[in-house]
Amino acid sequence: MKIACIGAGPAGLYFAISMKLRDPAHEVEIFERNPPGVTFGWGVVFSDLTVDNIGRNDPVSAKTITGEFAHWDDIDVHIRGECITSGGHGFIGIGRKRLLEILQDRARELGVALHFEAECDPADPKWRDYDLVIASDGANSRFRDASPEAFGVDVDVRRNKFVWLGTSKVFDAFTFAFEETEHGWIWAHAYRFAPDCSTFIVECSEETWARFGFDRMSQDESIAACEKLFAKYLDGHSLQSNATHLIGSAAWLNFRRIKCERWASGNVILLGDAAHTAHFSIGSGTKLALEDAIKLAEVLNRDGLSLQAALDEYQAERNLEVLKLQNSARNSTEWFETLERYLHFEPLQFAYSLLTRSQRISHENLRLRDREWLEGVERWFWKRATDGRSNTTAPPMFAPLRLREMEVENRITVSPMAMYSALDGVPNDFHFVHLGERALGGAGLVFTEMTCVSPEGRISPGCTGMWNADHVAAWKRIVDFVHANSKAKICLQLGHSGPKGSTKLGWEGNDVPLDEGNWPVMAASDVPWSPANQVPRPMTRADMDAVRDEFVAAVTMGLEAGFDMIELHAAHGYLLSSFITPLQNRRTDDYGGSLENRLRYPLEVFAAMRAAWPKDRPMSVRISATDWAGDDGVTPEDAVAIGEAFARDGADLIDVSAGQTWAEQQPVYGRMFQTPFSDKIRNEGRVATMAVGNIYEPDHANSILAAGRADLVALARPHLVDPFWTLRAAAQLDYRDIHIPPQYLNGMSQLARNLKREAEMAAALRV
Ligand SMILES: Cc1cc2nc3c(=O)[nH]c(=O)nc-3n(C[C@H](O)[C@H](O)[C@H](O)COP(=O)(O)OP(=O)(O)OC[C@H]3O[C@@H](n4cnc5c(N)ncnc54)[C@H](O)[C@@H]3O)c2cc1C
Ligand SMILES: Cc1cc2nc3c(=O)[nH]c(=O)nc-3n(C[C@H](O)[C@H](O)[C@H](O)COP(=O)(O)O)c2cc1C
């Protein structure tokens, strides 16, 4: 094949090498706009896996590259005069210039023709003479941008400003240095990539950048300003840029996240940064470029594979990897963009939050990397959780939490789950066993399902209620059992179904109206949940008074039944949520329009409930932190204001759910998918929160809690299949101080022994 590679970056060079290695008969030429040895950037970091991949693909260049690697283990986080050091991170890096030199030499040796100072124009007809034109021309690819529609290009220009500098100061650790200035926070990511050289990337928000006047400074002035700002880390060494000699490169940049729907069009194939980018803070761009190159060369040389099939396989396989990395990279990018949110953290927790920002590194990963450091974090967490009483180094999920005078034994909660099994609202033996068993299972806090304040307020005929003495007695039996047989606290979730009422049992059809015996429903406005559901009656002021009083009566009954805590359900499109979301609330009175107006009635209900509930017992509010409808619905920014408003009126905890407020919602699911909303509300609104939504491993819970993304962690579906989730986690993590029902002691100690033996065997096999 006759192939032209545009750009002599890692992608173009390594692809050329990989093609020649597979078939020396290929004619491969590389065209690079810059002279040899002139490139942007300084060092790049690699992972062990990338090293294995390049070792298998070309042992010759891999040997030279790995021979020149700089290795380091520690990460130093400098903030507010403290330096937090954690070890075991195992990085390897090399200078970008040196990497390119090695790859250029190898390419030449294999017979690749290299043309430097050759600016390529996609419109030049000469490209038609090549079988393939590899657009390895980087993030600002002209070849991609010449046909944006053909490639389905999606560019997301991120908020922060950064500049990629170098210095002769040798950093022994991967260093993050955060500095507070009169213009705002500014920070550096620095690491050594050669015996005498380090990368030094400076980053800040666009606002800080403008306040500094960087927009008006020359490159030299910018560098001088950065040298002054970070003088204490540079020990007299200067900062340098190598962007000056480059064509098409600026000093300060905004990171551009690039995705392409199609990676090939005509004879042009996108490779490396031209096809996709991953934020520099997770250091994976070069790895992706090299791995793309290997895969493309492999499929193009596989016998019997048509060109189209080869390109399909190339994109399908590489795109999956890219999406995974871009996902982690997005978390990491957003962490730096929302940094202000975490600046009130103590330095140790700040460092933990930084290390776990991409969600690729979890609590247990950190234990493997640096046990002593992680135990320091755990000790710090427990000290704070117990007002200094405990010096334990146990997992955060087992630390107690005090809400007013209620102390929960640990941070795991059984999330509210409707069981659709009551008759006339009365909880029965099913609820007794269901909730009783989950309390025995070790969770610190057990929620009832949404318990309705009136017969019309039920979702289905099977919902539990709290509107008469039978309900109080039946609930009291359950609450008494929980208190007598476990250390769990029990919270009554109160709600009114509003527009989603009068529907079938959950397993007969979600939100589907009854076949017969429907009762009239009401809501903020006459907006039906779906065309199949009833059109609700917009609530009059008299309706509002009546429903508020029903909530208050239910609170009083909850007190009689002995509940420890009350939650107001203001999420998921039910009655109070129908006021909060603009997608359902079309009112033109004081209860519609602005968020303040839409919150007026839910806050009124909450305040009345709070007044009826003892001051020493806590209350929470469940909210939907987004309508998953972009700016048309409730946004995460609104959710901060909603959380703050309820907290001002006496809510001790915001239970952060999302969506289900609108039938056409476009949710983005995934592991811990709602936790970012909890993080935002907790750390921007400074309100205690509970995270929920696809949290299913103890490691998830510990990472969320230690990073300050929530104060409690709720699990719903995992508890349906495993009421003993918390006790099992305690056995797994070898935590002994949890309350175990005496009847079950034998089972727990056997489980702990077996799990320990299995872990030892697995470790022995690894050795
Ligand atoms: C601040 C920063 C830090 C980074 N840190 C890391 C890191 O630690 N680890 C990591 O793996 N990655 C890192 N990256 C990303 C990494 O630099 C890229 O992912 C990687 O360089 C991609 O390789 P590439 O060959 O696709 O593109 P590039 O390296 O950008 O190469 C493209 C080449 O094409 C040439 N070119 C462009 N247009 C033309 C044209 N029209 N004619 C001729 N030549 C042209 C350019 O001059 C360039 O040499 C970082 C990036 C930035 C911005
Ligand atoms: C069967 C079932 C019933 C539910 N009922 C309620 C409920 O009554 N009140 C409520 O606020 N959320 C309810 N939810 C939502 C859960 O509390 C939780 O927010 C959701 O399932 C996401 O958590 P998970 O991924 O751990 O399951 C229910 C969920 C399930 C699976």
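In this text the structure is predicted, and so the values were computed from the model without any measurement. (Residues numbered from 1 in each chain as written. Chains lettered and ligands numbered in written order. Predicted model: local features only at pLDDT ≥ 70, side-chain atom pairs only at ≥ 80, totals over all residues. Heavy atoms only, no water.)

**Remarks on the overall build of the chain**
This is how the line gets drawn: Numbered from the N terminus, helices here are DSSP runs of H or I no shorter than four residues, and strands are runs of E no shorter than two. The reference for a compact globule is 2.2 Å times residues^0.38; the radius of gyration itself is calculated from the C-alpha atoms. What makes two residues a contact is simply this: any of their non-hydrogen atoms within 4.5 Å. Working definition of accessibility: Shrake-Rupley area with a 1.4 Å probe, residue cover restricted to the visible protein chains. This count recognises Lys and Arg as positive and Asp and Glu as negative, with His and chain-terminal groups excluded. Here the site of a charge means atom NZ of a Lys, CZ of an Arg, CG of an Asp or CD of a Glu.
Helix and strand counts for the chain stand at 25 helices and 30 strands. Here the C-alpha atoms of the chain give a radius of gyration of 30 Å, agreeing with the 27 Å that 2.2 N^0.38 yields for 767 residues. C-alpha atoms of the chain, sized along the principal axes, occupy 90 × 60 × 55 Å. Of the contacts made within the chain by residues no fewer than 6 positions apart, 70% connect residues no fewer than 24 positions apart. Just so you have it, the chain exposes about 30600 Å², and 50% of that area is on carbon and sulfur atoms. For the chain, the separation between the mean place of its 80 positive charges and that of its 106 negative charges on side chains is 3 Å.

**Section: the site of ligand 1**
To be explicit about the condition: Working definition: residue near molecule or strand if any one of its non-hydrogen atoms lies within 4 Å of it. Side-chain atoms alone can form a polar contact between residues adjacent in sequence; in general such a contact is a pair of N or O atoms within 3.5 Å, and within protein one must be able to donate a hydrogen while the other accepts it.
Taken together, 33 residues lie around ligand 1, and Ala-11, Glu-32, Arg-96, Asp-273 and Thr-286 are the ones closest in. Within the backbone of Ala-11, an N or O atom sits 2.9 Å from an oxygen atom of ligand 1. Val-45 is positioned with one of its backbone polar atoms (N or O) 3.2 Å from an oxygen atom of ligand 1. Protein contact buries 94% of the 990 Å² of open area that ligand 1 shows by itself. When contributions to the shell around ligand 1 are tallied by element, the ones reaching two or more residues are helix H1 (10-22), strand S3 (43-46), strand S10 (153-167) and helix H10 (285-300).

**Regarding the pattern of salt bridges**
When charged atoms on two side chains of opposite charge get close, those side chains can pair. We count it as follows: What makes a salt bridge here is a side-chain nitrogen of Lys or Arg within 4 Å of a carboxyl oxygen of Asp or Glu, nothing more. Classification of residues uses two cut-offs on accessible area relative to the type maximum, computed with a 1.4 Å probe and protein chains only: under 20% is buried, over 50% is exposed, and between them is partly exposed.
For the coordinates displayed, the defined rule picks out 55 salt bridges. Notably, a salt bridge pairs Arg-108 with Asp-105, separated by 3.5 Å at the nearest N-O pair. In this pair, Arg-108 and Asp-105 are both assigned in helix H4 (residues 96-109), three residues apart and thus about one turn of the helix distant. Its relative accessible area of 45% is what places Asp-105 among the partly exposed residues. With a shortest N-O distance of 2.8 Å, Glu-364 and Arg-367 are connected by a salt bridge. One end of the pair, Glu-364, and the other, Arg-367, are both in helix H13 (residues 363-369), three residues apart, so they sit about a helical turn from each other. Each of Arg-341, Glu-637, Asp-679, Lys-680, Glu-684 and Arg-709 takes part in salt bridges that share partners, so that together they form one network.

**Looking at the environment of Pro-10**
By the element assignment, Pro-10 lies in helix H1. Sequence separation between Pro-10 and Leu-114 is 104 residues; the distance between their C-alpha atoms is 14 Å. With residues near it in sequence (within four places) discarded, Pro-10 still touches Arg-96, Leu-100, Leu-103, Thr-286 and Leu-290.

**Let's talk about the sheet that holds strand S7 (residues 91-95)**
Selection rule: When DSSP locates at least two bridges between a pair of strands, those strands are taken to pair. Fitted lines through C-alpha atoms serve as axes, helices being fitted only where they are in contact, and the angles separating the N-to-C directions of these axes extend from 0 to 180 degrees.
Strand order in the open sheet made by the three strands is S3-S7-S4, with antiparallel pairing throughout. A strand with exactly one partner marks an edge of an open sheet, and here the two such strands are S3 and strand S4 (70-72). Across the sheet, the mean angle separating the axes of adjacent strands is 30° when strand polarity is ignored. Across three bridges, S4 lies against S7 in antiparallel orientation. Residue pairing for S7: Ala-70 is matched across the bridge by Gly-93. Most of the contacts of helix H2 (residues 48-57) go to S3, to which it runs at about 90°, and overall it touches S3 and S7.

**Thoughts on the sheet that holds strand S9 (residues 132-135)**
Two orientations exist for strands paired in a sheet by backbone hydrogen bonds: parallel and antiparallel. Taken in spatial order, the six strands of this open sheet run S8-S2-S1-S9-S17-S16, and their pairing is mixed. Lying at the two open borders of the sheet, with one neighbouring strand each, are strand S8 (113-115) and strand S16 (264-265). Bridge count between S16 and strand S17 (residues 268-270): two bridges; the pairing is antiparallel. Paired with Ala-264 across the strands is Ile-269, a residue of S17.

**Overview of the packing of aromatic side chains**
Describing an aromatic ring pair means giving the distance of the ring centres and the angle of the ring planes. Basically, it comes down to this: Only Phe, Tyr and Trp rings take part, Trp by its six-membered ring, and two of them pair if their centres are within 6.5 Å. Stacked means planes under 30 degrees apart, edge-to-face means over 60, and tilted covers everything else.
For the structure on display, the rule yields 40 aromatic pairs. When the ring of Phe-174 is compared with that of Tyr-191, the centres are 5.1 Å apart and the planes differ by 25°; the resulting orientation is stacked. Here Tyr-191 lies in strand S12 (residues 184-194) and Phe-174 lies in strand S11 (residues 174-181), a separation of 17 residues in the sequence. On the basis of relative accessibility, which here comes to 9%, the residue Phe-174 falls in the buried class. With a centroid separation of 6.4 Å and 15° between ring planes, the pair formed by Trp-628 and Phe-673 is classed as stacked.

**Some details on the environment of Tyr-314**
Relative to the helices and strands, Tyr-314 is located in helix H11 (residues 307-337). On the basis of relative accessibility, which here comes to 1%, the residue Tyr-314 falls in the buried class. When the C-alpha positions of Tyr-314 and Asn-468 are compared, they lie 65 Å apart, and in sequence the two are 154 residues distant. Sequence-distant contacts of Tyr-314, defined by excluding residues within four places in its chain, comprise Trp-263, Ile-269, Leu-270, Leu-271, Asp-292, Lys-295, Leu-296, Val-299 and Asn-319.

**Remarks on the site of ligand 2**
Keep this limit in mind: Classification convention: Asp, Glu, Lys, Arg as charged; Ala, Val, Leu, Ile, Met, Phe, Trp, Tyr, Cys, Pro as nonpolar; all other residues, Gly among them, as polar.
Neighbouring ligand 2 are 17 residues; Ser-415, Pro-416, Ala-418, Asn-694 and Arg-717 lie closest to it. Contact between ligand 2 and Pro-416: an oxygen atom at 2.7 Å from a main-chain N or O atom of the residue. A distance of 2.8 Å is found between a nitrogen atom of ligand 2 and a backbone nitrogen or oxygen belonging to Ala-418. Out of a free accessible area of 610 Å², ligand 2 has 83% covered by protein chains. Tallied by class, residues from the shell around ligand 2 come to eight nonpolar, six polar and three charged.

**Notes on the environment of Gln-534**
Secondary-structure assignment places Gln-534 in the loop between strand S24 (522-523) and strand S25 (537-538). In this structure Gln-534 comes out as partly exposed when scored by relative accessible area, which is 27%. Put simply, Gln-534 and Thr-503 are 31 residues apart on the chain and 9.8 Å apart in space, counted from C-alpha to C-alpha. For Gln-534, the residues in contact, after removing those within four places along its chain, are Ser-502, Asn-518, Trp-519, Pro-520, Val-521 and Pro-528. A polar contact is formed between the side chain of Gln-534 and the backbone oxygen of Trp-519, at a distance of 2.8 Å.

**So, the packing of helix H12 (residues 347-355) against helix H14 (residues 371-385)**
Short version of the rule: The cut-offs work like this: below 35 degrees is roughly parallel, past 145 is roughly antiparallel, 65 to 115 is roughly perpendicular, and the gaps in between are oblique. Throughout, a crossing is termed right-handed when the near helix is turned clockwise from the far one, and left-handed when it is turned anticlockwise from it by less than a right angle.
Where H12 meets H14, the closest approach of the two axes is 10 Å, and the angle between their N-to-C directions is 125°. Put simply, H12 runs oblique to H14. H14 is crossed by H12, and the crossing has left-handed handedness. Seen from H12, the contacting residues are Leu-348, Gln-349, Ala-351, Tyr-352 and Leu-355; seen from H14, they are Trp-373, Leu-374, Gly-376, Val-377 and Trp-380. Counted by class, the contact of H12 with H14 contains eight nonpolar, two polar and no charged residues.

**Section: the nonpolar core**
To be explicit about the condition: Definition used in this section: a nonpolar core is a set of buried Ala, Val, Leu, Ile, Met, Phe, Trp, Tyr and Cys residues joined via side-chain atoms within 4.5 Å.
If you look at the biggest cluster of nonpolar residues, it comprises 126 residues, and the most contacted ones within it are Phe-178, Phe-350, Met-466, Leu-494 and Phe-646. Apart from residues no more than four positions distant in its own chain, Phe-350 is found in contact with Val-77, Ile-79, Phe-178, Trp-335, Leu-339, Tyr-342, Leu-343 and Phe-345. Tyr-14, Ala-62, Ala-297 and Ala-310 belong to the second-largest nonpolar core, a separate cluster that totals 67 residues.

**Remarks on the confidence of the model for the chain**
Heads up, the condition is: Values of pLDDT, ranging from 0 to 100, describe the predictor's confidence in every residue of the model.
Mean pLDDT for the chain: 95, with 99% of residues reaching 70 or above. For the stretch residues 245-250, pLDDT sits under 50, and the model shows 13 contacts to residues farther than four places along the chain or on other chains.

**Describing the packing of H2 against helix H3 (residues 59-67)**
Put simply, H2 and H3 touch, their axes get as near as 6 Å, and they point 140° apart. It follows from the interaxial angle that H2 and H3 lie oblique. In contact with Val-51, Ile-54, Gly-55, Arg-56 and Asn-57 of H2, H3 contributes Pro-59, Ala-62, Ile-65 and Thr-66. Taken together, the residues of the contact of H2 with H3 break down into five nonpolar, three polar and one charged.

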